[in-house]
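Residue strings, one per chain:
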Amino acid sequence: MAALADEPAGETGELTLAQVAARAGVSQGTVKRWVGKGLIPGYEAPPSRWTPAAAAYARVVARLRARGHTLAQIKQASDNGQLAVGPLESLLSSPGPRHSLEEASRASGLATELIERIHTAMGLGAQGLDAISDEDLQTFKYAAAVLDAGFPLPAFLQLMRVYGQVIAQIADAEVRLIHLYVHEPLMRRDVPSVEITDEMEGLAREVLPFAAPFMNYLHGRFLTQFVEQDMIGHMEADLAEETLAEGRLRVAVAFADLAGYARLTVERGDEVAVGTVERFVEAVEQTLPVDARVIKMLGDEVMVVGPDPAALTGWAVDLQLSIAPGEPPPRIGIHYGEALYRDGDYYGREVNQAARVVARAGGGEVLVTRPVVDMAAGVDGLEFNRIGEVRLKGFAEPTELFIAAAREQ
């Protein structure tokens, strides 16, 4: 075996043995043993070169060893193509020189503590701040420009937190879907490891460039939509002479879930239950009012927020009528009030109250509170039948509840 290279890193993304070992969290001697056993296919010899792909394989091997897997098991997985991740690392890594945190601070004009806060808000933690790439440095310069333009720091950190959460979800979905629909089928067909690696690299090279255009397109479309909604919301707030505390909005909050979902998973299995949830969520997304949106999902439960309680109630009643026979009927609870807006989500007493309202609904019912009725009572096609005052869990005062339904013609 050729001597393992440990020379200074070049400008083409090559690494030193010390850098590869440090990224994997093991000694240089351990990395050499892994190479000797054929566990680092990204290592090229001769000529001996440490590439980002080799570093990716070394990190994966280190994690597998930490989880108790033997070298023989890891070698078998590598030979089967299960570890065909190295080439993606070479596509995604940032080549070039590295900078210290202090150097990044001087170049960007941001204090080191602020760089750490921004990095953490993005969801990246402190990892990587000991070796900052040119791409990282440019991002910190962008941050400095945004803050210098007058964008408030608390709002900026919230925005970075939202960006990080959403992009992390996108990246996770990309990896898992490629694994499920590309990687696994190749392994099931007993395709040789080298061919799997080439296939994965080719797919990544073809598909990854389209990620940014899709996201830019959607960002522009949604930004236009929400700017318009914000203008209307400001006007309506001014007409109502409302004065809300900073960071608070008056919104209608709806929670919807499927009655009998837990029983469905037991009786018919996870696949059938998940398929039912997917159809339910698709029905929600396709029928929502233009100014409402899904905020989050947890299992079979969906949280929806919109500015207009009447429109949201009308949507909920129509959704109940559209559920196909044989599908579990949803139960929906709606409340209208003032919520605290943080990191792209809504918090506070009024949100909690909406969650408690849906818990009192039965399958096929839409339960609403008095504030919703006050805003939606005059809407054609809707009627509200008073249940009475109900004590909701966690609330000392009783809540007046109504069943919303389609008015009989």
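Preceding this section is the structure that the text describes.
Residues numbered from 1 in each chain as written. Predicted model: local features only at pLDDT ≥ 70, side-chain atom pairs only at ≥ 80, totals over all residues. Heavy atoms only, no water.

1. Some remarks on the nonpolar core
One recurring pattern in soluble globular proteins is that nonpolar side chains are buried together. Using the following cut-off: Working definition of a nonpolar core: buried Ala, Val, Leu, Ile, Met, Phe, Trp, Tyr and Cys residues. They are joined through side-chain atoms within 4.5 Å. Think of it in three bands: residues with accessible area under 20% of the maximum for their type are buried, residues over 50% are exposed, and the middle band is partly exposed, with areas taken using a 1.4 Å probe on protein chains only. Where helices and strands are cited, they refer to DSSP runs of H or I of at least four residues and of E of at least two residues respectively, numbered from the N terminus. In this analysis, two residues are considered to be in contact whenever any of their non-hydrogen atoms come within 4.5 Å of each other.
Judged by nonpolar contacts, the single largest core of 33 residues is most densely connected at Val 304, Ile 334 and Val 368. The element best represented in this core is helix H14 (residues 309-322), accounting for six residues. Ignoring anything within four residues of it in the chain, the contact list for Ile 334 reads Val 253, Ala 254, Leu 312, Thr 313, Ala 316, Val 357, Val 366, Leu 367, Val 368, Thr 369 and Val 372.

2. What about the packing of aromatic side chains?
For clarity, the threshold we go by: Paired rings are identified among Phe, Tyr and Trp, the last through its six-membered ring, by centres lying within 6.5 Å, and are further divided according to the angle between planes into stacked (under 30 degrees), edge-to-face (over 60) and tilted (the rest).
In total, this model carries one aromatic pair according to the counting rule given. Centroid distance Tyr 341 to Tyr 346: 5.1 Å. Interplanar angle 70°. Geometry classified as edge-to-face. For Tyr 346, a relative accessible area of 10% gives the class buried.

3. A word on a negative patch on the surface
For the record, the criterion: Only residues whose relative accessible area exceeds 30% and that form no salt bridge enter a patch; like-charged residues are grouped when within 9 Å of one another, and nonpolar side chains (Val, Leu, Ile, Met, Phe, Trp, Tyr) when within 5 Å. Throughout, the Shrake-Rupley method with a 1.4 Å probe supplies accessible areas, and for residues the shown protein chains are the sole cover considered. Put simply, a salt bridge is a Lys or Arg side-chain nitrogen that is within 4 Å of an Asp or Glu carboxyl oxygen. Within this scheme the basic residues Lys and Arg register as positive and the acidic residues Asp and Glu register as negative, but His and the chain ends are omitted. The atoms used to mark charge sites are NZ of Lys, CZ of Arg, CG of Asp and CD of Glu.
A contiguous patch of negative charge, built from Asp 270, Glu 271, Glu 278, Glu 282 and Glu 285, is present on the exposed surface. With respect to the element layout, Asp 270 can be found in helix H13 (residues 270-287). Since its relative accessible area comes to 57%, Asp 270 is described here as exposed.

4. Structural notes on the pairing of strand S2 (residues 293-298)
For clarity, the threshold we go by: Two strands pair under a simple rule: DSSP has to find at least two bridges between them.
Pairing between S2 and strand S3 (residues 301-306): five bridges, direction antiparallel. Counterpart to Met 297 in the pairing with S3 is Val 302. Connecting S2 to the next strand, S3, in antiparallel fashion are two residues, including Gly 299 with a positive phi near 65°.

5. Re the environment of Ala 406
On the secondary structure map, Ala 406 appears in strand S8 (residues 399-406). When the C-alpha positions of Ala 406 and Leu 382 are compared, they lie 4.8 Å apart, and in sequence the two are 24 residues distant. In this structure Ala 406 touches Val 317, Leu 321, Gly 381 and Glu 383, once residues within four positions along its chain are discounted.

6. With respect to a nonpolar patch on the surface
Nonpolar side chains collect at one region of the surface, where Val 146, Phe 151, Leu 159, Tyr 163, Val 166, Ile 167 and Met 215 lie side by side and expose about 540 Å² of accessible area between them. The dominant element in the nonpolar patch, judged by the number of residues it contributes, is helix H9 (residues 153-188), at four residues. Inspection of the secondary structure assignment puts Met 215 in helix H11 (residues 211-239).

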